[in-house]
Amino acid sequence: EAKPAPPAPLPPKRERFSFLRLLGASRLKLRYEAGSTIIYRKHWFVLLQQAWMPLLAIIGIIVMFFYRQYQLWLSPAEAFISFQNGVAVDAWALALIFSLFPAIGWLIYEIMDWSNDIYEVTPEQIIDLDKKPFGTQTRNAAQLEHILGTEYRRIGILGEIFNYGTVYITVGGSQLAFEDVIDPASVQSDIDRRREAQRARQEQAKVAAERERMAEWLATYHRNAENFRSEEEKKDQKSG
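For clarity, every value in this text was computed on a predicted model and none was experimentally measured. (Residues numbered from 1 in each chain as written. Predicted model: local features only at pLDDT ≥ 70, side-chain atom pairs only at ≥ 80, totals over all residues. Heavy atoms only, no water.)

Attention now moves to the confidence of the model for the chain. Residue-level pLDDT values for the chain average 83, and 85% of them are 70 or greater. Ranking the helices and strands of the chain by mean pLDDT puts strand S5 (residues 118–121) first, with 94, and helix H1 (residues 19–23) last, with 49. The low-confidence segment residues 12–17 (pLDDT under 50) makes three contacts with residues lying over four places distant or belonging to another chain. (pLDDT = per-residue confidence, 0-100. Helix = DSSP H or I, 4+ residues; strand = E, 2+ residues; numbered from the N terminus. Contact = heavy atoms within 4.5 Å.)

Taken together, the side chains of Leu48, Trp52, Met53, Leu55, Leu56, Ile59, Val63 and Trp106 define a hydrophobic patch exposed on the protein surface, amounting to about 780 Å² of accessible area. Examining the composition of the nonpolar patch, we find that seven residues originate from one element, helix H2 (residues 44–74), more than from any other. Among the structural elements, leucine 48 can be located in helix H2. (Patch = residues over 30% accessible without salt bridge, like charges linked within 9 Å, V, L, I, M, F, W, Y side chains within 5 Å. Areas by Shrake-Rupley, 256 points an atom, 1.4 Å probe, with all protein chains shown as cover. Salt bridge = Lys/Arg side-chain N within 4 Å of Asp/Glu carboxyl O.)

Another point: the nonpolar core. Counting 16 residues, the largest nonpolar core has Tyr40, Ile126, Ile169, Phe178 and Ile191 as the members making the most contacts within it. Listing elements by their share of this core, those giving two or more residues are strand S2 (37–41), S5, strand S9 (164–171), strand S10 (174–182) and helix H5 (184–239). Apart from the residues within four sequence positions on either side, isoleucine 191 is in contact with Val121, Ile147, Thr150, Val167, Ile169 and Phe178. Judged by nonpolar contacts, the second largest core, of 13 residues, contains Ala51, Phe65, Leu96 and Ala103. (Core = buried A, V, L, I, M, F, W, Y, C linked by side-chain atoms within 4.5 Å. Buried < 20%, exposed > 50% of the residue type's maximum accessible area, 1.4 Å probe, protein only.)

Along the chain, the position of threonine 122 falls in the loop between S5 and strand S6 (125–131). When sequence neighbours within four positions are dropped, the list of residues in contact with threonine 122 reads Ser36, Thr37, Ile127, Leu144 and Arg194.

Further remarks concern helix H3 (residues 91–116). Here H3 spans 38 Å end to end across 26 residues, near enough to the 38 Å set by a 1.5 Å rise per residue. Among the residues of H3, Ala93, Leu96, Ala103, Leu107, Glu110, Ile111, Asp113, Trp114, Ser115 and Asn116 are the ones counted as buried. The opening residue of H3 is aspartate 90, an N-cap whose side-chain oxygen sits 3.3 Å from the backbone nitrogen of tryptophan 92. (Expected span 1.5 Å × (residues − 1). Polar contact = N/O pair within 3.5 Å; in protein donor to acceptor, adjacent residues only side chain to side chain.)

Looking now at the pattern of salt bridges. Enumeration according to the criterion identifies nine salt bridges in this entry. The partner of arginine 193 in a salt bridge is aspartate 190, with the nearest N and O atoms 2.3 Å apart. Of this pair, arginine 193 and aspartate 190 are both found in helix H5, three residues apart, which corresponds to roughly one turn of the helix. Residue classification places aspartate 190 among the buried positions, given a relative accessible area of 5%. Arginine 195 is paired through a salt bridge with aspartate 192; the nearest N and O atoms lie 3.4 Å apart. In this pair, arginine 195 and aspartate 192 are both assigned in helix H5, three residues apart and thus about one turn of the helix distant. The exposure class assigned to aspartate 192 is partly exposed, which follows from its relative accessible area of 26%. One connected set of salt bridges, linked through shared partners, spans Arg31, Glu33, Asp190 and Arg193.

Look at H2 against H3: their axes get within 9 Å of each other, and the N-to-C directions meet at 170 degrees. For the element pair H2 / H3, the angle class is roughly antiparallel. Per-class residue counts for the contact of H2 with H3 are 24 nonpolar, three polar and three charged. (Axes fitted to C-alpha atoms, helices over the stretch in contact; angles between N-to-C directions. Parallel < 35°, antiparallel > 145°, perpendicular 65-115°, else oblique. Nonpolar A, V, L, I, M, F, W, Y, C, P; charged D, E, K, R; others polar.)

Let us now look at the packing of aromatic side chains. Counted by the stated rule, this structure contains six aromatic pairs. Plain terms: the ring middles of tyrosine 119 and phenylalanine 178 are 4.7 Å apart, the flat faces sit at 20 degrees to each other, and that makes the pair stacked. Of this pair, tyrosine 119 sits in strand S5 while phenylalanine 178 is found in strand S10, placing the two residues 59 residues apart along the sequence. Judged on exposure class, the residue tyrosine 119 and its partner phenylalanine 178 are both buried. By way of ring pairs, the aromatic residues Tyr40, Tyr119 and Phe178 are connected into one cluster. It is arginine 153 that lies over the ring of tyrosine 168; its NZ or CZ is 4.8 Å from the centre. (Phe/Tyr/Trp six-rings, centres within 6.5 Å; stacked < 30°, edge-to-face > 60°. Lys NZ or Arg CZ within 6 Å of the ring centre and 35° of its normal.)

The following block contains the structure:
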């Protein structure tokens with residue numbers, strides 16, 4: 001009896017193009033993990049505060065463009081693109097189209113500027129990264145074992161409504177701040193958990209080092225005792 005043919009392999013799924021994939025998988029995330037590192041960004045409300053002007057400009061240009069198209073539709077003697085005596089494009093509509101590009105560039109710049117300000121919590125340290133698009137980058141870091149304490153604050157009614165605030169980390173005589181992060185209580189908990197885990201690893205390392213030192217001491221003691229017995233036996237043999 002002939003065996004049935006195995007089913008044909010399914011064709012691979014085609015990945016859909018998306019604007020978020022173009023920006024990067026994690027470009028707009030407020031909290032995500034990359035390996036053992038937790039990464040935070042400022043709240044979307046902060047992005048809106050930075051980007052409202054170019055966004056408003058884009059909306060205004062689009063509204064004026066369609067209004068111009070409405071005017072051209074009402075005027076039979078005018079058109080967006082005219083083919084009488086060659087090809088001619090309406091100057092106002094064309095100017096609006098060209099003015100849209102710098103406004104979009106401005107918006108992208110503000111999104112990148114917001115996205116490049118990140119806070120990281122690694123298994124060993126906390127990091128504050130601030131990078132301007134096509135500009136300089138500043139980096140502040142502190143070891144977890146040097147943190148003396150943490151606290152968070154939600155400032156104002158907007159902080160309470162949108163659940164964002166600032167986490168303050170005291171390090172020696174200075175203070176680092178994770179500003180305008182979403183759910184600051186969870187951010188504080190993440191930092192405190194990493195501190196406890198780091199402290200536990202350090203204690204385990206100390207215990208392991210102490211065991212190794214004790215094992216080495218015992219091994220040395222036994223070697224010396226064995227050598228001493230061998231020397232005594234040699235002396236006894238000579239005296240005998």
